[in-house]
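Fold and contact review
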Amino acid sequence: MFLSIIIPHYNLQRGVLTRCIDSVIALNLPADSYEVIVVDDGSHTPPTWIEEQYPTNIRLIAVPHQGPGAARNRGIEEAQGRYIQFVDADDSLLPNNHMVQCIEKLHEEGPQILRFNYHVKRKEKSRIPQYNNHLKFSNTISGAEYMRQNNLSGSPCCYFFKRELAIKKDIRFPSGIFHEDEVFNTILHYHAQSLVVSNAVPYCYIIRKDSTTANTADDFKEKRLENFMEAIKQISEFKKNNYNNANTIQRQGIDRKLNMLAVDAIINMLHHGMRTAETIELCNAKLTPLGLYPIKPANYSTKYRVFRKLANCRLGLSLLRLIFTPKRPLKK
């Protein structure tokens, strides 16, 4: 078995999950080369119809409700494929040959991670553009080098990774919190010795107005912000525990990730509608003990340098409040 596609599911309409599974089947991959594992996260009505409607390489595993992180962890444990790809149950794979070309690259070079892009679909009937089929793949670098050069996305659905890497390094998603993917992604890339980046677009991220992450209730936004701070803390603790054994690139890679997470945390506070004094108080309480506030100087980009200068003083934060007005959070 070469590829395991893991789909965490919770309380979605049958048609939404069917669309996701059917998009995988439509790729016409050899049936013995892949499996689809739908991990139902304690839905009120589990999708038991999967076993009747689909072939044996598409299976259902039911777990108690603990969130998508725990569901993905169970998928990792159950997977039989050499590589794993996560697909959210309300998203789908695109009907182009980008997925096939990426899989061919995995066969040819065997990197521990192969990253790709995704298309954002905001309306149900919106047309999907025709992406160029002449794909480009980068030279192989380490995951830490990728983090050192780029702002690592929080989505776990934008890459293939070797199951062996997660198993040997015991890399799992934290359970019971939002933003658990930030922790998993960072540690996985930190340990990866070989990574390839492609311009492939095999994935379609579909924005749903009734998704969990579109919830705009104040208590829900507050919980998400609290969990985001917890994710930053866990990554910071990982850095501390592994500092003596890390090489220079790994240290610089995880430093960049943490610095950018501190920026994201402040932006989230501003989107949450926090006043300047509240933002400073929370930064001092949560980020300063981790050495992440005031935001550290770095030459990542002009935007980073400007944001840093503004975020590190009261007047600057007041100006940023005018830019980052409260809004609905996105899933990715």
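Residues numbered from 1 in each chain as written. Predicted model: local features only at pLDDT ≥ 70, side-chain atom pairs only at ≥ 80, totals over all residues. Heavy atoms only, no water.

1. Points about helix 3 (residues 68–78)
Three or more residues of helix 3 are buried, namely Gly69, Ala70, Ala71, Arg72, Asn73, Gly75 and Ile76. Summarising the contacts, the buried residues of helix 3 are in contact with strand 1 (3–9), strand 2 (34–41), strand 4 (83–86), strand 8 (159–162), helix 6 (163–168) and helix 7 (180–191). (Buried < 20%, exposed > 50% of the residue type's maximum accessible area, 1.4 Å probe, protein only. Helix = DSSP H or I, 4+ residues; strand = E, 2+ residues; numbered from the N terminus. Contact = heavy atoms within 4.5 Å.)

2. Examining the layout of surface pockets
Size it by volume and the second largest pocket reaches roughly 280 Å³. For the second largest pocket, the lining is made up of 13 residues, of which Leu225, Glu226, Met229, Leu282 and Lys286 are closest to its centre. Grouping the constituent residues of the lining of the second largest pocket by class yields seven nonpolar, one polar and five charged. (1 Å grid on protein atoms, 1.4 Å probe; cavity = no way out; pocket = protein on both sides within 12 Å on 5 of 7 lines; lining within 4 Å. Points joined across faces, edges and corners; volume = space filled by probe spheres on them. Nonpolar A, V, L, I, M, F, W, Y, C, P; charged D, E, K, R; others polar.)

3. Considering the packing of aromatic side chains
Enumeration over the complete set of coordinates arrives at 13 aromatic pairs. Ring centres 6.2 Å apart and planes at 75° place the aromatic pair Phe86 and Phe184 in the edge-to-face group. On the criterion of sequence distance, the pair formed by Phe86 in strand 4 and Phe184 in helix 7 is long-range, its members being 98 residues apart. We classify Phe86 as buried; its relative accessible area is 0%. Relative to Tyr304, the ring of Tyr300 has its centre 4.8 Å away and its plane inclined at 65°; by these criteria the two rings are edge-to-face. A relative accessible area of 24% places Tyr300 in the partly exposed class. The ring of Phe86 is capped by Arg72, whose NZ or CZ atom sits 5.6 Å from the centre of that ring. The cationic tip of Arg251 hangs over the ring face of Tyr243; the distance from NZ or CZ to the ring centre is 4.1 Å. (Phe/Tyr/Trp six-rings, centres within 6.5 Å; stacked < 30°, edge-to-face > 60°. Lys NZ or Arg CZ within 6 Å of the ring centre and 35° of its normal.)

4. Quick look at empty space enclosed by the protein
Applying the stated rule across the entire model yields two cavities of 30 Å³ or more. There is about 40 Å³ of room inside the second largest cavity. Lining the second largest cavity, in full, are Tyr190, Lys239, Asn242, Tyr243, Ala246, Arg251 and Ile254. Broken down by secondary-structure element, the contributors of at least two residues to the lining of the second largest cavity are helix 8 (218–242) and helix 9 (248–271). A breakdown of the residues in the lining of the second largest cavity according to their chemical character gives four nonpolar, one polar and two charged.

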